[in-house]
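Fold and contact review
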Amino acid sequence: MQLKSLIHHAPAWLMLAVIALLPFGRLYSLPLAIMLVCGLFVMVVHRQLLFRQWSTRLFLALFLCYWVPTLISSIDAFDPWRSLFKSLVILRFLPVGLFVIWTLQQPATARLLERMLAMVLAFWCVDALIQFAFGTNLLGMSMSPDRLNGIFGETNIKLGQTLSVLSPLLIEYCRRHTTFAITIFSYLLLLAAILLTGTRAAWVSFAVVSLYYVVLYARSHPGRWIQSVSLICAASLLVGFVGYQTSERFAARIDRTLEVVHGD
């Protein structure tokens, strides 16, 4: 029975492996390649059912919004052929995305993937905060000389941006399946880890995510959203203040960022 369940949920484990292996170099390419082959199979065998779905059309529209500008920009690039090649390589994510959409139509698979991805992101956050507090993370990796990077190691400086982009996976799981207090806690956990990485692009990305959830909560709880948003803002300022006081790297990053308003 366990083997049968494992086989049934194999697509979910493939998708989980892509995310979980991101900190370890190019290892994620193996499950991604398998998903690419499966996606091509789905596009051929189930194309009529697949392309009639609203989620498929939305994905295709968003994918084109990303891919077409990269293709156009290669015309005037410093190295047009290299840029064109990279634009064509991006196309591999098209069948991968369609495979994900097709797979997540199974509710049990979707629930399993949602839960496991939330656990991975929570672990990355806790691991990074342990590294910040003690100098090494749970795997014995030391903090990068430049910034907090957790399980991603000293040279693969991607923790902040990866957490910010994937943060809705943890927030949304907590919002759907837990209490409001746990959802706020997960948000603050992400906020602390992302701020302390010192990656300003990640700060901007997470600010967009935060704005989305503020609007979402305001629409679903019109009578309580002001106090809830105020609580989030106050807690966020507290996290930022503690980070500024306890981390020289984070403080230096903030000071350097604030120079933009000096006008000189």
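Everything below is about the structure printed above this text.
Anyway, here's the lowdown on the structure attached to this text. Worth saying up front: this structure is predicted, and the values here are computed from it rather than measured.

The angle between the axes and the distance between the axes are what describe a pair of packed helices. At a minimum axis separation of 10 Å, helix H10 (residues 180-197) and helix H11 (residues 200-220) run at an interaxial angle of 165°. On the basis of their axis angle, the class for H10 and H11 is roughly antiparallel. The two elements H10 and H11 cross, and the hand of that crossing is left-handed. Note on element contacts: H11 touches H10 through Ala-202, Trp-203, Phe-206, Ser-210 and Tyr-217, opposite Phe-180, Tyr-187, Leu-190, Leu-191, Ile-194 and Leu-195. For the contact of H10 with H11, the per-class residue count stands at ten nonpolar, one polar and no charged.

What follows is about the side chain of Gln-131. Within the secondary structure, Gln-131 sits in helix H8 (residues 107-134). Side-chain polar atoms of Gln-131 contact the backbone nitrogen of Gly-150, separated by 2.8 Å. If near-sequence neighbours (up to four positions away) are discounted, Gln-131 is found in contact with Thr-136, Asn-137, Met-141, Ser-142, Met-143, Leu-148, Asn-149 and Gly-150.

For side chains bearing opposite charge, pairing can occur when the charged atoms are close. Taken as a whole, this structure holds three salt bridges when the rule is applied. Salt-bridge contacts for Glu-172 lead to Arg-176; the nearest nitrogen and oxygen are separated by 2.9 Å. Of this pair, Glu-172 and Arg-176 both sit in helix H9 (residues 159-177), separated by four residues, roughly a single helical turn. Overlapping salt bridges bring together Glu-114, Glu-172, Arg-175 and Arg-176 as one network.

The N-to-C vectors of H8 and H10 enclose an angle of 50°; their axes lie 9 Å apart at closest approach. The orientation of H8 with respect to H10, classified from their angle, is oblique. Regarding H8 and H10, the two cross each other, and that crossing is left-handed. Here H8 contributes Ala-122, Cys-125, Val-126, Leu-129 and Phe-132 to the contact with H10, which in turn contributes Leu-189, Leu-190, Ala-192, Ala-193 and Leu-196.

With that out of the way, let us pick up the nonpolar core. Within the largest apolar cluster, 51 residues are counted, with the highest numbers of intra-cluster contacts made by Met-35, Trp-124, Leu-163, Ile-171, Leu-190, Ile-194 and Phe-206. Excluding its chain neighbours within four sequence positions, the residues that come into contact with Met-35 are Leu-14, Met-15, Val-18, Pro-95, Val-96, Phe-99 and Val-100.

There is a patch of nonpolar side chains on the surface, built from Leu-64, Val-68, Ile-72 and Ile-75 and spanning about 380 Å² of accessible area. With respect to the helices and strands, Ile-72 occurs in helix H5 (residues 54-73).

For the rest of this paragraph, the subject is the layout of surface pockets. Roughly 1800 Å³ of internal volume is contained in the largest pocket. Surrounding the largest pocket, 37 residues form its lining, Ile-19, Val-100, Val-165, Leu-166 and Leu-169 being those nearest its centre. Mapped by element, the contributors of at least two residues to the lining of the largest pocket are helix H2 (10-20), helix H3 (29-45), H5, helix H7 (93-103), H8 and H9. Here the element with the most residues in the lining of the largest pocket is H9; it accounts for nine residues. Residue composition of the lining of the largest pocket, grouped by class: 26 nonpolar, five polar and six charged. Looking at the second largest pocket, its volume works out to about 650 Å³. If you go around the second largest pocket, you meet 30 residues; those closest to its centre are Tyr-187, Ser-210, Tyr-213, Val-214 and Ile-232. Counting only elements with at least two residues in the lining of the second largest pocket, the list comes to H9, H10, H11, helix H12 (225-246) and helix H13 (248-258). Looking at the lining of the second largest pocket residue by residue, the class counts come to 21 nonpolar, eight polar and one charged.

Taking 1.5 Å of rise per residue, 19 residues should cover 27 Å, and H9 covers 26 Å from first to last C-alpha, within 8% of that figure. Bending of H9 peaks at approximately 50° at the position of Leu-166, with proline Pro-168 no more than four residues after it. Taken together, the buried positions of H9 are Leu-159, Gly-160, Thr-162, Leu-163, Ser-164, Leu-166, Ser-167, Leu-170, Ile-171, Glu-172, Tyr-173 and Cys-174. The inward-facing, buried residues of H9 contact H2, H8, H10 and H11.

Definitions and limits used
- Residues numbered from 1 in each chain as written.
- Predicted model: local features only at pLDDT ≥ 70, side-chain atom pairs only at ≥ 80, totals over all residues.
- Heavy atoms only, no water.
- Axes fitted to C-alpha atoms, helices over the stretch in contact; angles between N-to-C directions.
- Helix = DSSP H or I, 4+ residues; strand = E, 2+ residues; numbered from the N terminus.
- Parallel < 35°, antiparallel > 145°, perpendicular 65-115°, else oblique.
- Left-handed = near helix turned anticlockwise from the far one by under 90°.
- Contact = heavy atoms within 4.5 Å.
- Nonpolar A, V, L, I, M, F, W, Y, C, P; charged D, E, K, R; others polar.
- Polar contact = N/O pair within 3.5 Å; in protein donor to acceptor, adjacent residues only side chain to side chain.
- Salt bridge = Lys/Arg side-chain N within 4 Å of Asp/Glu carboxyl O.
- Core = buried A, V, L, I, M, F, W, Y, C linked by side-chain atoms within 4.5 Å.
- Buried < 20%, exposed > 50% of the residue type's maximum accessible area, 1.4 Å probe, protein only.
- Patch = residues over 30% accessible without salt bridge, like charges linked within 9 Å, V, L, I, M, F, W, Y side chains within 5 Å.
- Areas by Shrake-Rupley, 256 points an atom, 1.4 Å probe, with all protein chains shown as cover.
- 1 Å grid on protein atoms, 1.4 Å probe; cavity = no way out; pocket = protein on both sides within 12 Å on 5 of 7 lines; lining within 4 Å.
- Points joined across faces, edges and corners; volume = space filled by probe spheres on them.
- Expected span 1.5 Å × (residues − 1).
- Bend = angle between axes of the 7 residues up to and from the residue.

Interpretation note: all reported values are geometric properties and have no functional meaning in isolation.
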